[in-house]
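# Chains, contacts and geometry: an overview
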Amino acid sequence: MRQKIVIGTRSSKLALWQADYVADCLRKKYPGLIVEEKKMTTKGDKILDAPLAKIGGKGLFTKELEAEMLEGGIDLAVHSLKDMPTEVPDGLVITAITKRFDSGDAVVCPKYKTLDALPKGARVGTSSLRRRAQILAVRPDLELIDLRGNVNTRLKKLDDGEYDAIILAVAGLKRLGFGDRITEVLPKSMCLPAVGQGALAIEAREDDKEIRDMLAFLQDDETTRCAAAERAFLETVEGGCQVPVGVYAVPSDGGVEVEAVIASLDGKRRFRDKVKGEWNDAEALGHQLANRLLDAGGIEILHEIGLLLDRK
(Lines give C-alpha, C1' and ligand atoms only; values in the text may rest on other atoms or scores of the structure.)
Protein backbone atom coordinates (compact mmCIF):
# COMPACT_ATOMS: atom_id res chain seq x y z
CA MET A 1 0.00 0.00 0.00
CA ARG A 2 1.10 3.56 -0.68
CA GLN A 3 3.06 4.93 2.26
CA LYS A 4 2.60 8.62 1.45
CA ILE A 5 -0.18 10.63 -0.19
CA VAL A 6 -0.09 14.29 -1.27
CA ILE A 7 -3.40 16.15 -1.35
CA GLY A 8 -3.74 19.26 -3.48
CA THR A 9 -5.87 22.06 -2.07
CA ARG A 10 -6.61 25.73 -2.41
CA SER A 11 -5.32 27.80 0.48
CA SER A 12 -8.60 29.35 1.66
CA LYS A 13 -9.72 28.37 5.15
CA LEU A 14 -12.71 26.45 3.81
CA ALA A 15 -10.61 24.56 1.25
CA LEU A 16 -8.08 23.70 3.96
CA TRP A 17 -10.89 22.46 6.21
CA GLN A 18 -12.01 20.17 3.40
CA ALA A 19 -8.50 18.87 2.74
CA ASP A 20 -7.88 18.38 6.46
CA TYR A 21 -11.11 16.42 6.76
CA VAL A 22 -10.10 13.99 4.00
CA ALA A 23 -6.54 13.77 5.35
CA ASP A 24 -7.83 12.87 8.83
CA CYS A 25 -10.14 10.23 7.37
CA LEU A 26 -7.22 8.68 5.49
CA ARG A 27 -4.98 8.65 8.57
CA LYS A 28 -7.67 6.96 10.66
CA LYS A 29 -8.37 4.38 7.95
CA TYR A 30 -4.70 3.67 7.26
CA PRO A 31 -2.60 4.06 10.44
CA GLY A 32 0.98 4.99 9.61
CA LEU A 33 0.09 6.58 6.28
CA ILE A 34 1.84 9.91 5.72
CA VAL A 35 -0.59 12.49 4.33
CA GLU A 36 0.73 15.83 3.17
CA GLU A 37 -1.11 18.84 1.74
CA LYS A 38 0.12 21.04 -1.08
CA LYS A 39 -1.47 24.48 -1.13
CA MET A 40 -2.13 26.06 -4.51
CA THR A 41 -3.72 29.21 -5.89
CA THR A 42 -6.35 29.04 -8.63
CA LYS A 43 -7.59 31.65 -11.08
CA GLY A 44 -10.72 32.07 -9.02
CA ASP A 45 -8.58 32.94 -5.99
CA LYS A 46 -6.56 35.54 -7.88
CA ILE A 47 -9.34 37.53 -9.55
CA LEU A 48 -11.47 39.07 -6.83
CA ASP A 49 -12.60 42.28 -8.52
CA ALA A 50 -14.97 40.73 -11.07
CA PRO A 51 -18.13 38.61 -10.87
CA LEU A 52 -17.62 34.86 -11.24
CA ALA A 53 -20.04 34.88 -14.16
CA LYS A 54 -17.80 37.24 -16.10
CA ILE A 55 -14.49 35.44 -15.54
CA GLY A 56 -15.64 31.94 -16.38
CA GLY A 57 -17.77 30.30 -13.73
CA LYS A 58 -17.07 26.64 -12.99
CA GLY A 59 -13.50 25.43 -13.37
CA LEU A 60 -12.07 28.61 -11.87
CA PHE A 61 -11.23 26.78 -8.64
CA THR A 62 -10.11 23.44 -10.08
CA LYS A 63 -7.96 23.78 -13.21
CA GLU A 64 -4.63 24.46 -11.54
CA LEU A 65 -5.10 21.56 -9.15
CA GLU A 66 -6.02 19.27 -12.04
CA ALA A 67 -2.95 20.28 -14.03
CA GLU A 68 -0.72 19.56 -11.04
CA MET A 69 -2.36 16.16 -10.59
CA LEU A 70 -1.82 15.21 -14.23
CA GLU A 71 1.84 16.17 -13.88
CA GLY A 72 2.21 13.95 -10.81
CA GLY A 73 2.80 16.74 -8.29
CA ILE A 74 -0.19 15.66 -6.19
CA ASP A 75 -2.04 12.37 -5.83
CA LEU A 76 -5.54 13.74 -5.38
CA ALA A 77 -7.48 16.97 -4.99
CA VAL A 78 -10.40 17.81 -2.73
CA HIS A 79 -13.06 20.14 -4.12
CA SER A 80 -16.48 21.42 -3.20
CA LEU A 81 -18.60 19.38 -5.60
CA LYS A 82 -20.52 22.51 -6.59
CA ASP A 83 -17.26 23.97 -7.98
CA MET A 84 -16.67 21.00 -10.29
CA PRO A 85 -17.43 21.32 -14.02
CA THR A 86 -19.54 18.49 -15.42
CA GLU A 87 -16.65 17.53 -17.71
CA VAL A 88 -13.55 16.20 -15.96
CA PRO A 89 -10.25 16.42 -17.90
CA ASP A 90 -9.03 13.31 -19.69
CA GLY A 91 -6.92 11.21 -17.35
CA LEU A 92 -8.77 12.30 -14.21
CA VAL A 93 -11.89 11.01 -12.48
CA ILE A 94 -14.06 11.89 -9.52
CA THR A 95 -13.27 8.83 -7.47
CA ALA A 96 -15.39 9.58 -4.38
CA ILE A 97 -18.22 11.89 -3.39
CA THR A 98 -18.69 12.27 0.35
CA LYS A 99 -21.97 12.32 2.25
CA ARG A 100 -23.74 15.63 1.71
CA PHE A 101 -23.42 17.75 4.83
CA ASP A 102 -26.01 20.47 4.25
CA SER A 103 -27.31 21.73 0.92
CA GLY A 104 -28.94 24.91 2.18
CA ASP A 105 -28.39 28.59 1.45
CA ALA A 106 -28.04 30.79 4.52
CA VAL A 107 -29.02 34.38 5.19
CA VAL A 108 -26.60 36.24 7.44
CA CYS A 109 -28.34 39.42 8.57
CA PRO A 110 -27.51 40.71 12.07
CA LYS A 111 -30.15 43.47 12.12
CA TYR A 112 -33.18 42.17 10.22
CA LYS A 113 -32.58 38.41 10.60
CA THR A 114 -34.69 37.20 7.66
CA LEU A 115 -35.02 37.93 3.95
CA ASP A 116 -38.67 38.81 4.41
CA ALA A 117 -37.87 41.39 7.11
CA LEU A 118 -35.37 43.31 4.97
CA PRO A 119 -36.61 46.81 4.06
CA LYS A 120 -37.15 47.86 0.46
CA GLY A 121 -33.85 48.65 -1.26
CA ALA A 122 -31.74 46.70 1.23
CA ARG A 123 -28.29 45.71 -0.06
CA VAL A 124 -27.85 41.93 -0.29
CA GLY A 125 -24.49 40.42 -1.23
CA THR A 126 -24.03 37.21 -3.20
CA SER A 127 -21.60 35.91 -5.80
CA SER A 128 -24.19 33.57 -7.31
CA LEU A 129 -26.53 34.36 -10.19
CA ARG A 130 -28.54 31.34 -9.06
CA ARG A 131 -29.24 32.89 -5.66
CA ARG A 132 -29.71 36.36 -7.13
CA ALA A 133 -32.41 35.26 -9.59
CA GLN A 134 -34.34 33.16 -7.08
CA ILE A 135 -34.26 35.88 -4.42
CA LEU A 136 -35.37 38.59 -6.85
CA ALA A 137 -38.28 36.37 -7.82
CA VAL A 138 -39.74 36.85 -4.33
CA ARG A 139 -38.13 40.18 -3.36
CA PRO A 140 -37.67 42.26 -6.55
CA ASP A 141 -37.35 45.39 -4.41
CA LEU A 142 -33.97 44.34 -2.98
CA GLU A 143 -30.60 45.48 -4.37
CA LEU A 144 -28.51 42.41 -5.15
CA ILE A 145 -24.79 43.24 -5.20
CA ASP A 146 -21.86 41.04 -6.19
CA LEU A 147 -19.85 39.66 -3.27
CA ARG A 148 -16.44 37.99 -3.70
CA GLY A 149 -13.76 36.71 -1.35
CA ASN A 150 -13.51 33.84 1.10
CA VAL A 151 -16.05 33.30 3.87
CA ASN A 152 -14.13 35.39 6.42
CA THR A 153 -13.75 38.26 3.96
CA ARG A 154 -17.45 38.22 3.10
CA LEU A 155 -18.48 38.24 6.75
CA LYS A 156 -16.14 41.16 7.43
CA LYS A 157 -17.67 43.15 4.56
CA LEU A 158 -21.09 42.56 6.12
CA ASP A 159 -19.85 43.60 9.56
CA ASP A 160 -18.26 46.73 8.07
CA GLY A 161 -21.66 47.81 6.78
CA GLU A 162 -21.13 47.26 3.05
CA TYR A 163 -24.24 45.06 2.95
CA ASP A 164 -27.43 44.69 4.95
CA ALA A 165 -27.36 40.93 4.45
CA ILE A 166 -25.29 38.33 2.62
CA ILE A 167 -26.16 34.86 1.31
CA LEU A 168 -23.69 32.01 1.80
CA ALA A 169 -23.77 28.22 1.78
CA VAL A 170 -24.84 26.73 5.09
CA ALA A 171 -22.19 24.01 4.81
CA GLY A 172 -19.29 26.45 4.49
CA LEU A 173 -20.42 28.55 7.45
CA LYS A 174 -20.91 25.55 9.71
CA ARG A 175 -17.66 23.87 8.69
CA LEU A 176 -15.72 26.99 9.64
CA GLY A 177 -17.51 27.42 12.95
CA PHE A 178 -19.77 30.29 11.85
CA GLY A 179 -23.04 28.43 12.22
CA ASP A 180 -24.14 30.92 14.86
CA ARG A 181 -24.00 33.69 12.26
CA ILE A 182 -26.85 32.10 10.27
CA THR A 183 -30.09 34.01 10.85
CA GLU A 184 -32.23 32.11 8.32
CA VAL A 185 -31.93 29.10 6.02
CA LEU A 186 -33.78 29.76 2.78
CA PRO A 187 -36.46 27.13 2.12
CA LYS A 188 -36.01 24.98 -0.98
CA SER A 189 -39.41 26.24 -2.14
CA MET A 190 -37.75 29.64 -2.56
CA CYS A 191 -34.16 28.81 -3.45
CA LEU A 192 -32.93 25.53 -4.91
CA PRO A 193 -29.20 24.86 -4.29
CA ALA A 194 -26.31 24.51 -6.67
CA VAL A 195 -25.37 21.10 -8.06
CA GLY A 196 -23.78 19.01 -5.32
CA GLN A 197 -23.90 21.81 -2.77
CA GLY A 198 -22.73 20.55 0.63
CA ALA A 199 -20.79 17.52 -0.68
CA LEU A 200 -17.08 17.09 -1.36
CA ALA A 201 -15.61 15.62 -4.54
CA ILE A 202 -12.29 13.80 -4.44
CA GLU A 203 -10.52 13.76 -7.79
CA ALA A 204 -7.64 11.45 -8.73
CA ARG A 205 -5.80 10.15 -11.77
CA GLU A 206 -7.82 7.56 -13.62
CA ASP A 207 -4.90 5.16 -13.97
CA ASP A 208 -3.90 5.35 -10.28
CA LYS A 209 -5.87 2.33 -9.16
CA GLU A 210 -4.12 2.12 -5.78
CA ILE A 211 -5.12 5.65 -4.77
CA ARG A 212 -8.65 5.16 -6.09
CA ASP A 213 -9.03 1.94 -4.11
CA MET A 214 -7.75 3.66 -0.97
CA LEU A 215 -10.32 6.44 -1.38
CA ALA A 216 -13.29 4.15 -2.02
CA PHE A 217 -14.36 4.12 1.65
CA LEU A 218 -15.15 7.86 1.45
CA GLN A 219 -17.82 7.32 -1.19
CA ASP A 220 -21.42 7.87 -0.07
CA ASP A 221 -23.68 5.99 -2.47
CA GLU A 222 -26.85 7.98 -1.76
CA THR A 223 -25.16 11.35 -2.27
CA THR A 224 -23.35 10.04 -5.34
CA ARG A 225 -26.60 8.91 -6.97
CA CYS A 226 -28.32 12.22 -6.21
CA ALA A 227 -25.29 14.12 -7.49
CA ALA A 228 -25.40 12.10 -10.71
CA ALA A 229 -28.93 13.35 -11.35
CA GLU A 230 -27.99 16.95 -10.54
CA ARG A 231 -24.84 16.91 -12.67
CA ALA A 232 -26.76 15.34 -15.57
CA PHE A 233 -29.22 18.22 -15.38
CA LEU A 234 -26.38 20.76 -15.42
CA GLU A 235 -24.61 18.98 -18.26
CA THR A 236 -27.75 19.16 -20.39
CA VAL A 237 -28.38 22.87 -19.81
CA GLU A 238 -24.61 23.47 -20.18
CA GLY A 239 -24.63 25.81 -17.22
CA GLY A 240 -22.20 26.70 -14.47
CA CYS A 241 -21.83 29.55 -12.01
CA GLN A 242 -22.62 31.89 -14.91
CA VAL A 243 -26.26 30.85 -15.34
CA PRO A 244 -29.05 30.96 -12.75
CA VAL A 245 -30.07 27.32 -12.43
CA GLY A 246 -30.73 25.37 -9.26
CA VAL A 247 -31.27 21.64 -8.91
CA TYR A 248 -31.76 19.32 -5.98
CA ALA A 249 -32.17 15.53 -5.89
CA VAL A 250 -33.34 13.56 -2.85
CA PRO A 251 -34.26 9.93 -2.10
CA SER A 252 -38.01 9.41 -2.41
CA ASP A 253 -40.16 6.28 -2.02
CA GLY A 254 -37.27 3.96 -2.76
CA GLY A 255 -36.23 6.02 -5.77
CA VAL A 256 -35.10 9.58 -6.40
CA GLU A 257 -36.88 12.89 -6.92
CA VAL A 258 -35.19 15.70 -8.83
CA GLU A 259 -36.39 19.31 -8.75
CA ALA A 260 -34.85 22.14 -10.75
CA VAL A 261 -35.32 25.74 -11.84
CA ILE A 262 -34.09 27.94 -14.68
CA ALA A 263 -34.67 31.65 -14.00
CA SER A 264 -34.05 34.97 -15.69
CA LEU A 265 -31.47 37.27 -14.11
CA ASP A 266 -34.18 39.56 -12.76
CA GLY A 267 -36.21 36.65 -11.39
CA LYS A 268 -39.31 37.66 -13.34
CA ARG A 269 -39.39 34.47 -15.39
CA ARG A 270 -38.93 31.06 -13.80
CA PHE A 271 -39.34 27.58 -15.15
CA ARG A 272 -39.46 25.05 -12.33
CA ASP A 273 -40.47 21.40 -12.34
CA LYS A 274 -39.63 18.03 -10.81
CA VAL A 275 -39.51 14.39 -11.80
CA LYS A 276 -39.41 11.14 -9.86
CA GLY A 277 -38.13 7.70 -10.79
CA GLU A 278 -35.99 4.69 -9.93
CA TRP A 279 -32.56 4.97 -8.30
CA ASN A 280 -30.88 3.40 -11.31
CA ASP A 281 -32.41 6.05 -13.56
CA ALA A 282 -31.07 9.03 -11.58
CA GLU A 283 -28.85 10.32 -14.38
CA ALA A 284 -31.54 9.88 -17.02
CA LEU A 285 -34.00 11.76 -14.81
CA GLY A 286 -31.62 14.70 -14.62
CA HIS A 287 -31.37 14.86 -18.40
CA GLN A 288 -35.14 14.46 -18.75
CA LEU A 289 -35.89 17.32 -16.35
CA ALA A 290 -33.38 19.60 -18.04
CA ASN A 291 -34.91 19.02 -21.46
CA ARG A 292 -38.39 19.61 -20.06
CA LEU A 293 -37.38 22.99 -18.60
CA LEU A 294 -35.47 24.00 -21.72
CA ASP A 295 -38.48 23.19 -23.88
CA ALA A 296 -40.78 25.12 -21.54
CA GLY A 297 -38.83 28.33 -22.20
CA GLY A 298 -35.58 27.92 -20.31
CA ILE A 299 -33.56 27.82 -23.52
CA GLU A 300 -34.58 31.39 -24.35
CA ILE A 301 -33.47 32.57 -20.92
CA LEU A 302 -30.07 30.92 -21.27
CA HIS A 303 -29.55 32.45 -24.72
CA GLU A 304 -30.43 35.90 -23.40
CA ILE A 305 -28.07 35.55 -20.43
CA GLY A 306 -25.24 34.38 -22.67
CA LEU A 307 -25.61 37.39 -24.94
CA LEU A 308 -25.84 39.74 -21.97
CA LEU A 309 -22.68 38.41 -20.30
CA ASP A 310 -20.79 38.54 -23.59
CA ARG A 311 -21.60 42.24 -23.90
CA LYS A 312 -20.42 43.14 -20.39
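Preceding block: the structure.
## Here we look at the packing of aromatic side chains
Under the counting rule described, the total for this entry stands at two aromatic pairs. Between Trp17 and Tyr21, the ring centres sit 5.6 Å apart and the planes meet at 0 degrees, which makes this aromatic pair stacked. Within this pair, Trp17 and its partner Tyr21 are both found in helix 1 (residues 13-29), separated by four residues, close to a single helical turn. On the accessibility criterion, Tyr21 (35% relative accessible area) is partly exposed. Ring centres of Tyr30 and Phe217 lie 6.0 Å apart, and the angle between their planes is 85 degrees; on these two criteria the pair is classed as edge-to-face. One end of the pair, Tyr30, is in the loop between helix 1 and strand 2 (34-40); the other, Phe217, is in the loop between helix 8 (209-215) and helix 9 (221-237), and 187 residues separate them in sequence. The residue whose ring lies beneath Lys188 is Tyr248, and the NZ or CZ to ring-centre distance is 4.9 Å.

## Looking at the pairing of strand 10 (residues 200-205)
One face of the sheet, then the other: side chains in a regular strand alternate in exactly this way. Counted residue by residue, strand 10 has six buried out of six residues, so it is predominantly covered. Summarising the sheet, strand 3 (residues 76-80) and strand 10 pair through five bridges and their orientation is antiparallel. Among the inter-strand pairings, Leu76 is bridged to a residue of strand 10, identified as Ala204. As paired elements, strand 4 (residues 92-97) and strand 10 share five bridges and run antiparallel to each other. Within strand 10, the position partnered with Ile94 by the bridge is Glu203.

## Some thoughts on the sheet that holds strand 13 (residues 270-278)
Pairing is antiparallel in the open sheet, where three strands are placed in the order 11-12-13. Each edge of the sheet is formed by a strand with only one pairing partner; in this case those strands are strand 11 (245-252) and strand 13. Neighbouring strand axes in the sheet, compared pairwise and without regard to direction, differ in orientation by 15 degrees on average. Where strand 12 (residues 255-263) lies against strand 13, nine bridges are found, and the strand directions are antiparallel. Following the sheet pairing, Ala260 is matched in strand 13 by Asp273. Strand contacts of helix 9: strand 11 and strand 12, with the helix running at about 150 degrees to strand 11, the strand carrying the most contacts.

## A few points about the environment of Leu168
Among the structural elements, Leu168 can be located in strand 8 (residues 165-169). The spatial distance from the C-alpha of Leu168 to the C-alpha of Arg131 is 9.3 Å, given a sequence separation of 37 residues. Setting aside anything within four residues of it in sequence, one finds Leu168 in contact with Gly104, Asp105, Ala106, Arg131, Val151, Arg154, Leu155 and Leu173.

## Let's talk about the nonpolar core
Nonpolar side chains in soluble globular proteins tend to be buried together. Phe233, Val237, Val256, Val258, Ile262 and Leu289 are the most contacted members of the largest nonpolar core, which has 26 residues in total. Where this core is concerned, the elements lending two or more residues are helix 9, strand 11, strand 12 and helix 10 (282-311). Top element by residues in this core is helix 10. It accounts for nine residues. When neighbours within four sequence positions are excluded, Val256 is seen to be in contact with Cys226, Ala249, Val250, Pro251, Val275, Lys276, Gly277, Glu278, Trp279, Ala282 and Leu285. Core analysis: the second largest hydrophobic core is formed by 20 residues, Ile7, Val22, Leu200 and Met214 among them.

Calculation rules
Residues numbered from 1 in each chain as written. Predicted model: local features only at pLDDT ≥ 70, side-chain atom pairs only at ≥ 80, totals over all residues. Heavy atoms only, no water. Phe/Tyr/Trp six-rings, centres within 6.5 Å; stacked < 30°, edge-to-face > 60°. Helix = DSSP H or I, 4+ residues; strand = E, 2+ residues; numbered from the N terminus. Buried < 20%, exposed > 50% of the residue type's maximum accessible area, 1.4 Å probe, protein only. Lys NZ or Arg CZ within 6 Å of the ring centre and 35° of its normal. Pairing = 2+ DSSP bridges. Axes fitted to C-alpha atoms, helices over the stretch in contact; angles between N-to-C directions. Contact = heavy atoms within 4.5 Å. Core = buried A, V, L, I, M, F, W, Y, C linked by side-chain atoms within 4.5 Å.

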